[in-house]
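Residues per chain, in single letters:
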Amino acid sequence: QDNITRLGTVTAGTLNGTRLTDLKSTDGGESAITSDASGYVKFPQLPSFWVQKSGGELSDPSGIMPFNSVKFQNGISFSTTTHKATVPTAGLYYFRAFSIHKDSTQHFLGLYTSAGQFAATHSYAAGTWGRIGIDGIIELSASETVWAHLDLGGSAEWHGNDYSGFYGYLIG
């Protein structure tokens, strides 16, 4: 019981013997942290999202990657119009974007905020399907946006469905 009280902002918590099984937010609403009988910890309110591009190949879609199929979003809002993710709270975030691409030119993939690029990579696929992906960690303020930008360097193709995606979540 003392450990729950010392947290200060927690109004409800459930102890099952010596194991905390449920930790609620200050308003007593949604559970912030839960654990099961095996001790696995879950963060059901963790800001996160996962999007993909529906459909198959796209020819020369250089620019903001037009992800249009939201697989899930929890707190981080992804717009299928602007193709940007908006974070709900200040903190350190992890993001990843990836795809497969085909052509004989160099391809560039970057992660951006309104402040500019914060992670980038390039890839070359000599006429066959190659992979390109980028990870990045960045500290953001509440309501900042993040997007993936792809430059295929000319006439090229990238693929939708399970071959491409963009996701992210709050680290802390």
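Source: prediction; values computed, not measured.

**So, the pairing of strand β15 (residues 145–151)**
Regular strands place side chains that alternate from one sheet face to the opposite one. The sheet contact formed by strand β7 (residues 63–64) and β15 spans 2 bridges and is antiparallel. Within the sheet, the bridge partner assigned to Gly 63 lies in β15 and is Leu 150. Relative to β15, strand β10 (residues 85–86) is paired through 2 bridges, and the arrangement is antiparallel. If you follow Ala 85 over to β15, its bridge partner there is Val 146. For strand β12 (residues 106–113) and β15, the ladder comprises 6 bridges, and the chain directions are antiparallel. When the bridges of β15 are listed, Thr 113 appears paired with Val 146.

**Here we look at the confidence of the model for the protein chain**
Interpreting fine coordinate detail is not advised for predicted regions of low pLDDT. Considering every residue of the protein chain, the mean pLDDT works out to 80; 73% of them sit at 70 or more. No element of the protein chain has a lower mean pLDDT than helix α1 (residues 2–6), at 38, and none a higher one than β10, at 98. Contacts for the low-pLDDT stretch residues 1–11, under 50 throughout, to residues beyond four places or in other chains number 16 contacts.

**A look at the side chain of Gln 52**
Along the chain, the position of Gln 52 falls in strand β5 (residues 48–52). When its relative accessible area of 5% is taken as the criterion, Gln 52 is described as buried. Here Lys 71 takes part through its side chain, which lies 3.4 Å from a polar atom of the side chain of Gln 52. At a separation of 3.3 Å, a polar atom in the side chain of Gln 52 contacts the side chain of Asp 162. Those residues in contact with Gln 52, other than ones at most four positions away along the chain, are Phe 67, Asn 68, Ser 69, Lys 71, Asn 161, Asp 162, Ser 164 and Gly 165.

**A word on the nonpolar core**
Counting residues in each nonpolar core, the largest one holds 24 residues, and the members touching the most others are Phe 49, Phe 67, Phe 95, Leu 109, Leu 111, Ala 148 and Phe 166. Among the elements of the structure, β5, β11 (91–102), β12, β14 (129–140), β15 and β17 (165–170) are those that each provide at least two residues to this core. Considering every element that reaches this core, the biggest residue donor is β14, with 4 residues.

**Structural notes on the packing of aromatic side chains**
For the coordinates displayed, the defined rule picks out 13 aromatic pairs. Look at Trp 50 and Tyr 167: their rings are 5.2 Å apart centre to centre, the planes differ by 45°, and that puts the pair in the tilted class. In this pair, Trp 50 is assigned in strand β5 and Tyr 167 in strand β17, connecting sequence segments 117 residues apart. Judged by relative accessible area, which is 23%, Tyr 167 ranks as partly exposed. Both rings, one in Phe 67 and one in Phe 166, keep their centres 6.0 Å apart while their planes meet at 25°; by these two values the pair is stacked. In this pair, Phe 67 sits in the loop between β7 and β8 (69–74) while Phe 166 sits in strand β17, placing the two residues 99 residues apart along the sequence. On the accessibility criterion, Phe 67 (0% relative accessible area) is buried. Under the relative-accessibility criterion, Phe 166 is labelled buried at 0%.

What counts, and where the lines are drawn
- Residues numbered from 1 in each chain as written.
- Predicted model: local features only at pLDDT ≥ 70, side-chain atom pairs only at ≥ 80, totals over all residues.
- Heavy atoms only, no water.
- Pairing = 2+ DSSP bridges.
- Helix = DSSP H or I, 4+ residues; strand = E, 2+ residues; numbered from the N terminus.
- pLDDT = per-residue confidence, 0-100.
- Contact = heavy atoms within 4.5 Å.
- Buried < 20%, exposed > 50% of the residue type's maximum accessible area, 1.4 Å probe, protein only.
- Polar contact = N/O pair within 3.5 Å; in protein donor to acceptor, adjacent residues only side chain to side chain.
- Core = buried A, V, L, I, M, F, W, Y, C linked by side-chain atoms within 4.5 Å.
- Phe/Tyr/Trp six-rings, centres within 6.5 Å; stacked < 30°, edge-to-face > 60°.

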